[in-house]
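Spelled out from the first residue to the last, the chains are:
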Amino acid sequence: DGGITQSPKYLFRKEGQNVTLSCEQNLNHDAMYWYRQDPGQGLRLIYYSQIVNDFQKGDIAEGYSVSREKKESFPLTVTSAQKNPTAFYLCASNNDRVNYGYTFGSGTRLTVV
Amino acid sequence: GQNIDQPTEMTATEGAIVQINCTYQTSGFNGLFWYQQHAGEAPTFLSYNVLDGLEEKGRFSSFLSRSKGYSYLLLKELQMKDSASYLCAVKEAGNNRKLIWGLGTSLAVNP
């Protein structure tokens, strides 16, 4: 079955360390997105990519970096420059040819101690 | 600017009907989505409206009025498992595939 996979589901890191969150999709979707969700808040866009080897900053890109070397993969690195990295991170993908908006991964809950 | 408004919280009783409203102001419009999100899980797609009117899908229906910048999600025969957050999102016109998200409405269904 096609889908979008995020790993790991839970991640713990020490303050000052960089950490990379994985996102892989086999839906043949062109566009991929990274969102952050904090308790009681909506989805905030970190980075998005509409095509391989190209990506744009979202609303809260500071302290994060991404790459899009393959259509299937869009990893997110949370760097030590991110002031409040503890959050729930969601990866999503979509394709204009189907009107169902986004398909989401199951999310990664990052805790920095 | 871009803005999507939804009530923060709602409470309803099992078996009843509840309507969750969403108003939007965006730069162009190319469709409105409703998603359901249970605590700690990813959002799941519920409905998509691009033309005015009501779209019915089982116990869930969604309505759109583009002239009023308004949508609602109607949930019938409420079940306990419907307790979740409901997110309204708008797709703007143009080639940009980004969605603009509301903050979500937390629905509590009581027995």
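First things first, this report covers the structure right here in the doc. (Residues numbered from 1 in each chain as written. Chains lettered and ligands numbered in written order. Predicted model: local features only at pLDDT ≥ 70, side-chain atom pairs only at ≥ 80, totals over all residues. Heavy atoms only, no water.)

General note: in soluble globular proteins, nonpolar side chains tend to be found buried as a group. All names here are of chain B. Counting 21 residues, the largest nonpolar core has I4, L32, W34, L75, L78, Y86 and L107 as the members making the most contacts within it. Looking at this core, the elements with two or more residues in it are β3 (18–25), β4 (32–37), β7 (60–65), β8 (70–75), β9 (84–91) and β11 (105–110). Every residue in contact with L78, bar those within four places of it in the chain, is listed here: A12, T13, E14, G15, A16, V18, R59, L107 and V109. (Core = buried A, V, L, I, M, F, W, Y, C linked by side-chain atoms within 4.5 Å. Buried < 20%, exposed > 50% of the residue type's maximum accessible area, 1.4 Å probe, protein only. Helix = DSSP H or I, 4+ residues; strand = E, 2+ residues; numbered from the N terminus. Contact = heavy atoms within 4.5 Å.)

Under the definition given, this model contains six salt bridges over all chains. The shortest N-O distance in the salt bridge between A:D38 and A:R44 comes to 2.7 Å. The residue B:D52 makes a salt bridge to B:R66 at a minimum N-O spacing of 3.0 Å. Taken together, the residues B:D52 in the loop between β5 (44–49) and β6 (53–57) and B:R66 in the loop between β7 and β8 connect sequence positions 14 residues apart. Overall, the relative accessible area of 43% leaves B:D52 in the partly exposed class. A relative accessible area of 41% means that B:R66 is categorised as partly exposed. (Salt bridge = Lys/Arg side-chain N within 4 Å of Asp/Glu carboxyl O.)

As a further point, take the sheet that holds β6(B). Residues and elements named next belong to chain B. The five strands are arranged β1-β3-β8-β7-β6 in an open sheet whose pairing can be described as antiparallel. Edge positions in the open sheet fall to β1 (3–5) and β6, since each of these has one partner strand only. Along the sheet, successive strands turn relative to each other by an average axial angle of 15°, direction set aside. Both β3 and β8 contribute to a ladder of six bridges, which runs antiparallel. Residue pairing in the sheet places I20 in a bridge with L73 of β8. (Pairing = 2+ DSSP bridges. Axes fitted to C-alpha atoms, helices over the stretch in contact; angles between N-to-C directions.)

Turning next to the interface of chain B and chain A. Taken together, the contact pairs 19 residues of chain B with 23 residues of chain A. One can count zero salt bridges joining chain B with chain A. Linking chain B with chain A are four residue pairs in polar contact (both at pLDDT 80 or more). Those elements that provide at least two residues to the side of chain B that touches chain A are β4, β5, β9 and β10 (99–101) of chain B. Looking at the side of chain B that touches chain A element by element, the count peaks at three residues for β4(B). (Polar contact = N/O pair within 3.5 Å; in protein donor to acceptor, adjacent residues only side chain to side chain.)

All names here are of chain A. Read from one edge to the other, the open sheet built from four strands follows the order β1-β3-β8-β7, with strand pairing classed as antiparallel. A strand with exactly one partner marks an edge of an open sheet, and here the two such strands are β1 (4–7) and β7 (64–66). When strand polarity is set aside, the average angle formed by the axes of neighbouring strands in this sheet is 20°. Pairing of strand β3 (residues 19–25) with strand β8 (residues 76–78), which is carried by three bridges, proceeds in the antiparallel orientation. Residue pairing in the sheet places L21 in a bridge with L76 of β8.

With that settled, the discussion passes to the packing of aromatic side chains. Tallied over the full model, the rule gives 21 aromatic pairs over all chains. Ring geometry for A:Y35 against A:F104: centres 6.5 Å apart, planes inclined by 45°, an arrangement best described as tilted. Of this pair, A:Y35 sits in strand β4 (residues 31–37) while A:F104 sits in strand β10 (residues 103–104), placing them 69 residues apart in sequence. By the burial criterion, A:Y35 is buried, and A:F104 matches it. The interplanar angle of 50° and the centroid separation of 5.2 Å between the aromatic rings of B:Y35 and B:W101 together place this pair among those described as tilted. Of this pair, B:Y35 sits in strand β4 while B:W101 sits in strand β10; the two residues are 66 residues apart in sequence, bridging distant segments of the chain. Each member of the aromatic cluster is reached from another via a ring pair, and the members are A:Y33, A:Y35, A:Y48, A:Y102, A:F104, B:F33, B:Y35, B:F45, B:Y48 and B:W101. The side chain of A:R68 reaches across the aromatic face of A:F74, ending 6.0 Å from its centre. (Phe/Tyr/Trp six-rings, centres within 6.5 Å; stacked < 30°, edge-to-face > 60°. Lys NZ or Arg CZ within 6 Å of the ring centre and 35° of its normal.)

Note that every value here comes from positions in space, so none of it alone points to a role or purpose.
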